[in-house]
Amino acid sequence: MTATTVDAVPDVAPTATRTRPVPAPTPFRRVLRVELRKMFDTRSGFWLMASIVITSVIATALTVILGNRDTLDFEDFAAAIGSPMSIVLPIIGVLAVTSEWSQRTALTTFTLVPHRSRVLSAKVLNTLAIGLVSMVIALGVGALGNLLTAMITGNDAVWNISAGTFAQIVLANELGMLLGFALGLLFRNSPAAIVGYFVVILVLPTLSGALASAQDWWADNAGWFDLNQTRFLLFDGGLSGQEWAQLGLTSVLWIALPLLLGLRLVLRSEVK
C-alpha cells in the first residue's frame with residue numbers, strides 16, 4: 001500500500017470586510033431650496049408665479065380706470081386684487097404636489113430623498129410661504145394704486161385695512177392653498193385636483209344655498225359643514241366666536257382629513 005503525502009493547506013487570512021460610509025442625510029434647508037426652485041423651473045410654474053403680479057397690476061389698473069375715484073379707498077383695491085388671488089393661489093398649491101407626477105420626477109425626487117415626508121413638508125412650507133409673499137406683493141400693488149388715485153383726485157388716501165384684517169385675508173388664502181395642496185395629494189393629477197377644487201368652492205356653495213332655502217335646519221347650521229361660508233367671512237371682517245369655531249371644524253373636515261388621507265396614500269403607494 002502506497003502512502004500518499006498530503007501537503008498541509010496553509011492558513012488563509014480572512015477576507016477584510018469592506019464597509020461603505022453611510023452618506024449624511026440631505027439637510028432640510030437644501031430640500032426646501034430645491035423644492036422652491038422646482039416650483040419656478042417649468043414654464044407653467046414661472047408664468048403661474050408671474051400671474052400673481054400681472055393680475056394684481058391689471059386689477060389695480062381697472063379699479064383706477066373704471067371705479068369712482070372720489071370714493072376709492074384701500075379696501076376697494078384689496079377687494080379687486082383678492083378675487084384673482086383666490087383663484088391663482090390654490091392652483092399653486094395643487095401644482096406643488098401634482099407636478100411630481102405630471103412631469104414624472106417623483107421617482108427621482110423620492111430616490112434622492114427616501115424620506116417622503118421631508119419632501120412633502122418642504123412643499124407645504126414653500127406653498128404657504130409663497131402665499132404669504134404673494135399677498136404682501138398684492139397689497140403693495142394695491143397701495144400704489146391707492147396712492148395714484150389720491151394723486152389724481154387730490155384727495156387724501158384712505159387706509160382702511162388694519163393689520164388684523166390683512167391677517168384674516170392672508171389666512172383665508174392660505175386655507176385655500178392648503179385645500180388645493182390636500183386635493184393634489186389625494187388625486188396626484190393636476191386636472192382632477194383643479195376640477196375638485198372648483199367643485200368645492202363653486203358647486204358645493206350653490207348646492208348648500210339651495211338646500212338652505214328649502215330646509216330651515218340647514219340654513220341655521222350650514223356654517224358647521226360648509227367651508228366656504230365661514231372662510232369667505234374672513235375677507236369681510238371680524239368673525240364671532242361661533243364663526244371661528246365653525247371655521248375650525250370645517251377646516252378639519254375639508255382640509256385636515258383630506259390632507260392626512262392624501263399624505264398616507266403618497267407615503268405608502270408605489271412610485272412609478
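Presented here is a report on the structure given in the accompanying data block.

A few words now on the overall build of the chain. Looking only at helices and strands, one finds 10 helices and 0 strands in the chain. When the helices and strands of the chain are placed in sequence order, the string is α-α-α-α-α-α-α-α-α-α. Computed over C-alpha atoms, the radius of gyration of the chain comes to 27 Å, more than 25% over the 19 Å expected from 2.2 N^0.38 for 272 residues, which places it beyond the range of a compact globule. Along the first, second and third principal axes, the C-alpha atoms of the chain reach 125 × 50 × 30 Å. Among the 272 residues that make up the chain, the fraction classed as buried is 38%. As presented, the chain carries roughly 15,800 Å² of accessible surface, and 65% of it is formed by carbon and sulfur atoms.

Turning next to a nonpolar patch on the surface. A cluster of nonpolar side chains, Phe46, Trp47, Ile54, Ile58, Leu62, Ile65 and Leu66, forms an exposed patch at the surface whose accessible area comes to about 760 Å². If you trace the backbone, Phe46 turns up in helix α2 (residues 43-66). Take Phe46: its relative accessible area is 44%, and that puts it in the partly exposed class.

Interhelical geometry of helix α6 (residues 163-187) versus helix α10 (residues 241-268) gives an angle of 30° and a closest axis separation of 7 Å. Taken together, α6 and α10 sit at an angle that is classed as roughly parallel. Relative to α10, α6 is oriented so that their crossing is left-handed. On α10, the residues that touch Gln168, Leu171, Leu175, Leu178, Leu179, Phe181, Ala182, Leu185 and Leu186 of α6 are Trp244, Leu247, Ser251, Trp254, Ile255, Pro258, Leu259, Leu261, Gly262, Leu263, Leu265 and Val266. Within the contact of α6 with α10, the residues separate by chemical class into 18 nonpolar, 3 polar and no charged.

Conventions we followed
Residues numbered from 1 in each chain as written. Predicted model: local features only at pLDDT ≥ 70, side-chain atom pairs only at ≥ 80, totals over all residues. Heavy atoms only, no water. Helix = DSSP H or I, 4+ residues; strand = E, 2+ residues; numbered from the N terminus. Rg over C-alpha atoms; globule rule 2.2 N^0.38 Å. Buried < 20%, exposed > 50% of the residue type's maximum accessible area, 1.4 Å probe, protein only. Areas by Shrake-Rupley, 256 points an atom, 1.4 Å probe, with all protein chains shown as cover. Patch = residues over 30% accessible without salt bridge, like charges linked within 9 Å, V, L, I, M, F, W, Y side chains within 5 Å. Salt bridge = Lys/Arg side-chain N within 4 Å of Asp/Glu carboxyl O. Axes fitted to C-alpha atoms, helices over the stretch in contact; angles between N-to-C directions. Parallel < 35°, antiparallel > 145°, perpendicular 65-115°, else oblique. Left-handed = near helix turned anticlockwise from the far one by under 90°. Contact = heavy atoms within 4.5 Å. Nonpolar A, V, L, I, M, F, W, Y, C, P; charged D, E, K, R; others polar.

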